[in-house]
Amino acid sequence: MYDQRMQLGRPGRPVYEEARNRKGKCPICDVGRVRQVDHHLPKSVYPFLAAVPINLLPICGDCNREKLDKAPTCYAEQALHPYFDDMESDRWLRAELITINAAGEPYEIKPSEIAEDWRIEFRVDPPSSWDEQQEERVKHHFSQTYKLNEMYEDQAADDIPGLELALEEVFEVGGAQGVRAHLEGIARTRAHRNKNSWMVALYEALAEHSWFCSGGFRQIAAG
Ligand SMILES: [Zn+2]
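Computed from a predicted structure; not experimentally measured. (Residues numbered from 1 in each chain as written. Predicted model: local features only at pLDDT ≥ 70, side-chain atom pairs only at ≥ 80, totals over all residues. Heavy atoms only, no water.)

Remarks on the coordination of the zinc ion
Here comes step 1: The zinc ion binds to the protein through Cys 26 (SG), Cys 29 (SG), Cys 60 (SG) and Cys 63 (SG), with metal-donor distances spanning 2.3 Å.
Here comes step 2: For the zinc ion, the four donor atoms in the first shell make angles of 105 to 114 degrees at the metal, so the coordination geometry reads as tetrahedral.
Here comes step 3: Within one chain, the residues serving as donors to the zinc ion are arranged as C-x2-C-x30-C-x2-C. With Cys 29 in the loop between helix H2 (13-20) and strand S1 (36-39) and Cys 60 in the loop between strand S2 (56-59) and helix H3 (61-67), the pair connects residues that are 31 residues apart, well separated along the chain.
Here comes step 4: Look at Cys 29 and you get buried, because its relative accessible area is 1%.
Here comes step 5: With a relative accessible area of 3%, Cys 60 lands in the buried category. (Donors = N, O, S within 2.8 Å, 3.2 Å for Na, K, Ca; no water. Tetrahedral: all angles 85-135°; square planar, octahedral: opposite > 155°, others 65-115°. Helix = DSSP H or I, 4+ residues; strand = E, 2+ residues; numbered from the N terminus. Buried < 20%, exposed > 50% of the residue type's maximum accessible area, 1.4 Å probe, protein only.)

Shown next, in the form of structure tokens:
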């Protein structure tokens, strides 16, 4: 049924085209460009919704691949719909810089120490106004349906080395305090557009990390 509808000139095609042609960034991850149209509820399970406009969501290729035909089996597994579920009013995304010691364990590093390794973790950190169901649903959306934690960790790993030059200049003038203020400023600026952007979470996490601000950024930038 769906494939017939997608043929040129048949009902359903204009709706599909309109959704596919919307410009801009992916409303799910805020990273990729909109390239494909996701059937929010999969057409394999809900063929009667195949060309219903509200079920057609323009998203990026990465998000579409992660979601595939995942069909929710309960409320908590229902992916959020960016046009119908309010994902922007509350702050729910946080990140953390985790330093790793020689034994491969996460540990709290002191300013003068050298980190064996490091990673950034992104997680859903719900406000107290959310009930348990809402929390489960956003967590499922984030780390199961779209695996946004993995996408953001890759983004962060690519982004951090490029900070070194700017942070070095800031550090020379203002030390660790200057670096912290600089990172907080970037986070605040980014939050105007999307307070749950991976960059806001990342830059806040870096600003909060004493070791990173007091020179650890050099080690991280060096890889
Ligand atoms: Zn996406």
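Having seen it, we continue.
As for the packing of aromatic side chains
Here comes step 1: All told, the structure shown has six aromatic pairs when counted by the stated rule.
Here comes step 2: Here the aromatic rings of Phe 142 and Tyr 152 are separated by 5.9 Å at their centres, their planes lie at 55 degrees, and the arrangement is tilted. Placement of the pair is Phe 142 in helix H4 (residues 132-145) and Tyr 152 in helix H5 (residues 148-159), with a sequence separation of ten residues.
Here comes step 3: Judged by centre distance (5.8 Å) and plane angle (70 degrees), the rings of Phe 171 and Phe 217 are edge-to-face. (Phe/Tyr/Trp six-rings, centres within 6.5 Å; stacked < 30°, edge-to-face > 60°.)

So, the nonpolar core
Here comes step 1: Within the largest apolar cluster, 47 residues are counted, with the highest numbers of intra-cluster contacts made by Cys 63, Ile 120, Phe 122 and Phe 212.
Here comes step 2: The set of elements that each furnish at least two residues to this core consists of S2, strand S3 (93-100), strand S5 (117-124), H4, H5, helix H6 (164-191), helix H7 (198-208) and helix H8 (210-222).
Here comes step 3: A per-element tally of this core places H7 first, with eight residues.
Here comes step 4: Each of domain 1 (2-71) and domain 2 (93-123 + 149-222) accounts for three or more of the residues forming this core. (Core = buried A, V, L, I, M, F, W, Y, C linked by side-chain atoms within 4.5 Å. Domains from an automatic or database assignment.)

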